[in-house]
Amino acid sequence: MEEEVHVGNNSRKKRKVVFPYGNYHRYYGYRVGKTLKQDPRMELMQTQWFQDKDVLDIGCNEGHVTIALAQKYHVQSMCGVDIDSGLIFRAGKNLQTESGVQGAEVVLKSRDWSEYINENGTEIDEDESFDPVAMENEVESVATESLRSLTGKELLERVQFKNVNFLHCSWRSHICDTVLCLSVAKWIHLNWGDEGLIQLFVKIYRLLRPGGVLILEPQPWKSYEKKKWVTEVARENFRNIVIRPDLFSAFLLDKIGFKSCAQITQDVPDCSSGFSRPLFLYTK
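Bear in mind that the values here come from a model prediction, so they are computed numbers and not experimental data.

Asker: A description of helix α7 (residues 232–240) should follow, citing residues and the corresponding values.
Answerer: All of the buried residues in α7 are Ala234, Asn237 and Phe238. Looking straight down α7, one finds its buried side chains confined to an arc of 105°; they lie on one side. Considering only its buried residues, α7 is in contact with α5 (185–207) and α6 (221–227).

Asker: Report on the pairing of strand β3 (residues 54–58), specifying residues and quantitative values.
Answerer: Within β3, five of the five residues are buried, which leaves it mostly tucked inside the rest of the structure. Here β3 shows two buried faces, one formed by Asp54, Leu56 and Ile58 and the other by Val55 and Asp57. Where β3 lies against strand β4 (residues 77–82), five bridges are found, and the strand directions are parallel. Bridge pairing in β4 places Asp57 opposite Gly80. For the crossover from β3 across helix α2 (residues 64–73) to β4, the handedness is right-handed.

Asker: Give a detailed account of the packing of aromatic side chains, specifying residues and quantitative values.
Answerer: In the structure shown here, the tally under the stated rule is 10 aromatic pairs. Summarising the aromatic geometry, the rings of Phe166 and Trp171 are spaced 5.2 Å apart at their centres and angled 40° between planes, so their arrangement reads as tilted. Of the two residues examined, Phe166 and Trp171, each falls in the buried class. The positively charged end of Lys284 is found above the aromatic ring belonging to Tyr205, 4.5 Å away from the centroid.

Asker: Requested: an account of the pattern of salt bridges, with residues and values cited.
Answerer: This structure, assessed with the given rule, holds eight salt bridges. The partner of Arg209 in a salt bridge is Asp54, with the nearest N and O atoms 3.0 Å apart. Linking Arg209 in strand β9 (residues 208–217) with Asp54 in strand β3, this pair joins segments that are 155 residues apart in sequence. Residue Arg209 is classed as partly exposed on the basis of its relative accessible area of 23%. A relative accessible area of 9% means that Asp54 is categorised as buried.

Asker: If you had to explain the packing of α2 against helix α3 (residues 85–99) to someone new, which residues and values would you point to?
Answerer: Two numbers describe a pair of packed helices, the interaxial angle and the distance between the axes. The interhelical angle for the contact between α2 and α3, taken along N-to-C directions, is 35°, at an axis separation of 9 Å. As α2 runs across α3, the sense of the crossing is right-handed. On α3, the residues touching His64, Ile67 and Gln71 of α2 are Ala91, Asn94, Leu95 and Glu98. Here the residues of the contact of α2 with α3 sort into three nonpolar, three polar and one charged.

Asker: Help me get a handle on the side chain of Asp57, residues and values and all.
Answerer: Turning to its location among the elements, Asp57 is positioned in strand β3. One buried charged side chain, Asp57, makes no salt bridge at all; its nearest oppositely charged neighbour is Arg41, positioned 7.9 Å away. Within the local environment of Asp57, its side chain forms a polar contact with the side chain of Thr66, the two groups lying 2.6 Å apart. Excluding its chain neighbours within four sequence positions, the residues that come into contact with Asp57 are Thr66, Cys79, Gly80, Val81 and Leu180.

Asker: Which residues make up the packing of α5 against helix α8 (residues 248–256), and what values do they have?
Answerer: Packing of α5 against α8 brings their axes to within 10 Å, and their N-to-C directions diverge by 35°. Considering only the axes of α5 and α8, their crossing is right-handed. In this structure, α5 uses Ala185, His189, Leu197, Ile198, Phe201, Val202 and Tyr205 to contact α8, whose residues at the interface are Phe248, Phe251, Leu252 and Ile256. Here the contact of α5 with α8 is built from residues that sort into 10 nonpolar, one polar and no charged.

Asker: Can you lay out the confidence of the model for the protein chain for me, pointing to particular residues and giving the numbers?
Answerer: When the pLDDT values of the protein chain are averaged, the result is 81; 73% of them are 70 or greater. Low pLDDT, under 50, characterises residues 125–146; the stretch is placed with 38 contacts to residues that sit more than four places away or in other chains.

Asker: An account of the sheet that holds strand β6 (residues 159–163) is requested, with residue identities and associated values reported.
Answerer: If you trace the seven strands from one edge of the open sheet to the other, you get β6-β4-β3-β8-β9-β11-β10, paired in mixed fashion. In the strand order of this sheet, the two ends are held by β6 and β10 (260–265), each with one partner. If you compare each strand with its neighbour and ignore which way they point, the axes differ by 20° on average. Strand direction decides the pairing type here: β4 and β6, joined by five bridges, are parallel. Within β6, the residue paired with Gly80 across the bridge is Phe161. The strands touched by α5 are β3, β8 (176–182) and β9; relative to β9, the strand with the most contacts, the crossing angle is about 155°.

What counts and what doesn't
Residues numbered from 1 in each chain as written. Predicted model: local features only at pLDDT ≥ 70, side-chain atom pairs only at ≥ 80, totals over all residues. Heavy atoms only, no water. Buried < 20%, exposed > 50% of the residue type's maximum accessible area, 1.4 Å probe, protein only. Helix = DSSP H or I, 4+ residues; strand = E, 2+ residues; numbered from the N terminus. Arc of directions from axis to C-beta. Contact = heavy atoms within 4.5 Å. Pairing = 2+ DSSP bridges. Right-handed = clockwise from strand over helix to strand, strands pointing away. Phe/Tyr/Trp six-rings, centres within 6.5 Å; stacked < 30°, edge-to-face > 60°. Lys NZ or Arg CZ within 6 Å of the ring centre and 35° of its normal. Salt bridge = Lys/Arg side-chain N within 4 Å of Asp/Glu carboxyl O. Axes fitted to C-alpha atoms, helices over the stretch in contact; angles between N-to-C directions. Left-handed = near helix turned anticlockwise from the far one by under 90°. Nonpolar A, V, L, I, M, F, W, Y, C, P; charged D, E, K, R; others polar. Lys, Arg positive; Asp, Glu negative; His and termini not counted. Polar contact = N/O pair within 3.5 Å; in protein donor to acceptor, adjacent residues only side chain to side chain. pLDDT = per-residue confidence, 0-100.

Below is the structure:
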């Protein structure tokens, strides 16, 4: 991505801005484009994954998908997290705009997600150890009747955004029903290698309740090849990656402990060039 800068009084030149974590500003502008009203992935989401659920969106960027899902499916609570403080600031502004609530009126959150996060990375005491095999899959059926869109104070109460590095925080177990990880895994992989990817998957598994789901949109290997030059760390990690994207499903099922995997779609229709990627649903 390039931006225009002034050099001297009259001359201008382009300089390249690097986003090592995939924390692109105006990301949705070129992902969705100018002709679409909403992200095409929205049409692939299903009510039972969100209605009356506690949902976590990892790498939420400016929060457009986070907010749209909360509005459309009437979540119980929704938390978007991102490593970029500027993006989280914009997400908060977008939430305020979508709510239609004017001014600086204080709105109490229906659920304070900060209670479930330890940002200094130290472990939070838990009642159980990590035992994927022992987890029971208790899928709860949910009615799929037409829902009214969340607006106003109710939207502000149920949605919040946090500026945290998901990997570097400790999370309580069994705190949510659905986790979104959309076009994020590559950036964690390139910055923290296989170890970071494994940590991502383990943390997601632990914080999901039994019967909970992970909605994963992995980037293809060719996308890694294009972005390996973003930093020296990324280049080094790229050379050492063993768990490539085509191995994610086997790893999540056989090593992490998810009970099943279903492909939501092979291609997302009406996407901008390069963004039509498969979506997978993993059930705990």
